[in-house]
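# Structural features, examined
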Amino acid sequence: MNSIRVRLGVLGLALVTGLTTPTAASAAQAAPSPTVEEQRLGRAAPQEILRRSGFDTAAPRLARALEGARSYGEARRAVAREGARLWQRAVDRAQGRGPAEYEGREALPWKGGGGRRAGLSRDDDRPLYWARLGMTRDVRTWEPEFGLTDGQRAALLDELERASRGQDAIRYPHGKGLKRILLTGFDPFTLDRDIRISNPSGATALALDGTVIETADGPARIETAVFPVRWQDFTDGTVERTLRPHLPKVDLFTTVSQGRVGRFDIERTNGAWRGGFGDNDTVGRTETVPVSDPASQPQWTTTTLPYAAITAAQTGRFPVYDNTSVTEIPAGGTESVVRPDGPTPGSTARAGGGGDYLSNEIAYRATLLRDRLGLHGTLPGGHVHTPVLQFGAGNTTEVTDPEFVRNRLDIIAQVRAILKVAAEKS
């Protein structure tokens, strides 16, 4: 999720909408109405994705539960239950459990050739994303007879977000001899450029959650969670709240996001700067990354992943790079300078190796938390950027195609191989 890569194509849109669209926080406090992100749900591609995956039943199920709720307590229990159900359903689907396609639905004409459209492949992360938005929209616009304060509605939305992202379902078995790996992914983003977009980091999180890698040192259990592409959630501390209970107990962690075309990057350095690119609610932020205790906040944090071993290993068809480049304002300077070999002493961050968008920020926050917990020298952790997930040549309208699926599966498999190397070399 490198903003340097995406900014040129949609900067004008981000600037216009960033000035005219209310933030997610202010929208939640206003009269109930869908957010910018939720409003995209009515377009043709999201509806097709939901139908072809069978996930079009998730939001109506929650709506029925809310309709039957007679108190705020009942509503909160329903939201927690249905959010957790959605996450587990998405994980099960990605890992081959349960139906892969819609059931009892008429097949749709296949525009790309003869025959009928089948359900989407199991590796697809988009059903989870769009189904969740349908559910949050229902909660945001719900007006029960017993009344709902702004604070209660916000708490319901928070419960739904955490449960449907696996953020409160990270659990490792007890016992010795099992390594523990924590991995995070992201929602699709830049949806106003292409509404069909999938995020391979989110797909990886679904495919690997609860799975075990056999390493030379024994088994390693992977637990995962997915994060939104929204500045406000990060400002509110969603990363730290999710990771803080687990970092002292795991043996390895990596945040993962989509980065550059045709390559993986192990990002060596993360910067304390937000570059202003519009998020999924078309809100931009240009500022120092807001964290607790800003007086002790460093401009840079670094990976402790075994990057040399990872880049030297044969993990898949995409090349893997040790990315050391950053953008800084040198000490005593006023202009930004690109430093291919990393930051210089006393400099001010303007972009980490992973840019100045939320992929850089999650890496910065996770590694800063690692360091503040006193784990820098003992816990391997950092950020992995995957290749951009591309559709097949000539596909400008269909929501999937064979090359698109192959690319996503190859990226998932290569992340898994990278984790195996990291676990063995840490």
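Reading the values: the criteria
Residues numbered from 1 in each chain as written. Predicted model: local features only at pLDDT ≥ 70, side-chain atom pairs only at ≥ 80, totals over all residues. Heavy atoms only, no water. Buried < 20%, exposed > 50% of the residue type's maximum accessible area, 1.4 Å probe, protein only. Helix = DSSP H or I, 4+ residues; strand = E, 2+ residues; numbered from the N terminus. Pairing = 2+ DSSP bridges. Axes fitted to C-alpha atoms, helices over the stretch in contact; angles between N-to-C directions. Contact = heavy atoms within 4.5 Å. Polar contact = N/O pair within 3.5 Å; in protein donor to acceptor, adjacent residues only side chain to side chain. Arc of directions from axis to C-beta. pLDDT = per-residue confidence, 0-100. Parallel < 35°, antiparallel > 145°, perpendicular 65-115°, else oblique. Left-handed = near helix turned anticlockwise from the far one by under 90°. Nonpolar A, V, L, I, M, F, W, Y, C, P; charged D, E, K, R; others polar.

What follows deals with helix α9 (residues 200-208). When you tally the buried positions in α9, you get 9 out of 9 residues, the bulk of the element. Taken together, the buried positions of α9 are Pro200, Ser201, Gly202, Ala203, Thr204, Ala205, Leu206, Ala207 and Leu208. At the exit of α9 stands Gly210, carrying a positive phi of roughly 75°.

This brings us to the sheet that holds strand β7 (residues 264-267). With respect to topology, 7 strands assemble into an open sheet ordered β4-β5-β3-β6-β16-β7-β12, the strand pairing being mixed. Whereas interior strands pair on both sides, the edge strands pair on one side only; in this sheet they are β4 (212-215) and β12 (320-323). Averaged over all neighbouring strand pairs, the angle between strand axes comes to 25°, with direction disregarded. Bridge analysis of strand β6 (residues 252-258) against strand β16 (residues 381-386) gives 6 bridges, and the strand direction is parallel. The residue of β16 that forms the bridge with Gln258 is Thr386. The strands touched by helix α14 (residues 402-425) are β3 (179-186), β4, β5 (218-227), β6, β7, β12 and β16; relative to β4, the strand with the most contacts, the crossing angle is about 50°.

Below, the discussion takes up the pairing of β7. Looking along a regular strand, one sees the side chains alternate between the two faces of the sheet. In β7, alternate side chains face the same way, and those of Phe264 and Ile266 on one face and Asp265 and Glu267 on the other are all buried. Two elements, β7 and β16, share 3 bridges in a ladder whose sense is antiparallel. For Ile266, the partnering residue across the bridge sits in β16 and is Val384.

The next subject is the sheet that holds strand β14 (residues 337-339). Here 3 strands make up an open sheet; going across it, the order is β14-β13-β15 and the pairing antiparallel. Edge positions in the sheet fall to β14 and β15 (348-351), since each has one partner strand and no second. On average, adjacent strands in this sheet sit at an angle of 45° to one another, irrespective of strand direction. Note that strand β13 (residues 326-329) and β14 share 3 bridges and pair antiparallel. Bridging from a neighbouring strand, Thr327 pairs with Val338 of β14.

Another aspect to go through is the side chain of Asp123. Structurally, Asp123 is set in the loop between β2 (116-117) and α7 (126-141). Only 2.7 Å separates the side chain of Asp123 from the side chain of Ser121, close enough to count as a polar contact. Engagement of the side chain of Asp123 in a polar contact is seen with the side chain of Arg408, the distance being 2.5 Å. Leaving out residues up to four positions away in the same chain, Asp123 has contacts with Ala203, Val405, Arg408, Leu409 and Ile412.

Here helix α5 (residues 58-68) has its buried residues at Ala58, Ala59, Leu62 and Leu66. Viewed end-on, α5 has its buried residues packed into an arc of 90°, placing them on one side of the element. Exposed residues on α5 whose side chains face more than 90 degrees from its buried face are Arg64 and Glu67. Next to the buried residues of α5 lie α6 (72-94), α7 and α8 (150-164).

The predicted model of the chain has a mean per-residue pLDDT of 91, with 88% of residues at 70 or higher. Counting interchain partners and residues more than four positions distant, the pLDDT-below-50 stretch residues 3-29 has 35 contacts. Below pLDDT 50 for its whole length, residues 102-116 participates in 31 contacts with residues either more than four positions away or in separate chains.

For any two helices packed against each other, one specifies the inter-axial angle together with the distance between the axes. Between helix α4 (residues 44-53) and α7, whose axes approach to 9 Å, the crossing angle comes to 110°. Considered as vectors, α4 and α7 are oriented roughly perpendicular to each other. Seen along the crossing, α4 lies across α7 with a hand that is left-handed. Residues Pro46, Ile49, Leu50 and Ser53 of α4 lie in contact with α7, whose contacting residues are Arg126, Pro127, Trp130 and Ala131. In the contact of α4 with α7, the residues fall into 6 nonpolar, 1 polar and 1 charged.

This part takes up the environment of Pro219. Topologically, Pro219 is positioned in strand β5. Given a relative accessible area of 25%, Pro219 falls into the partly exposed group. Each C-alpha atom, one on Pro219 and one on Lys420, is 9.8 Å from the other, the two residues being 201 residues apart in sequence. When residues no more than four places from it in sequence are discounted, the contact partners of Pro219 are Gly177, Leu178, Lys179, Val212, Ile213 and Glu214.

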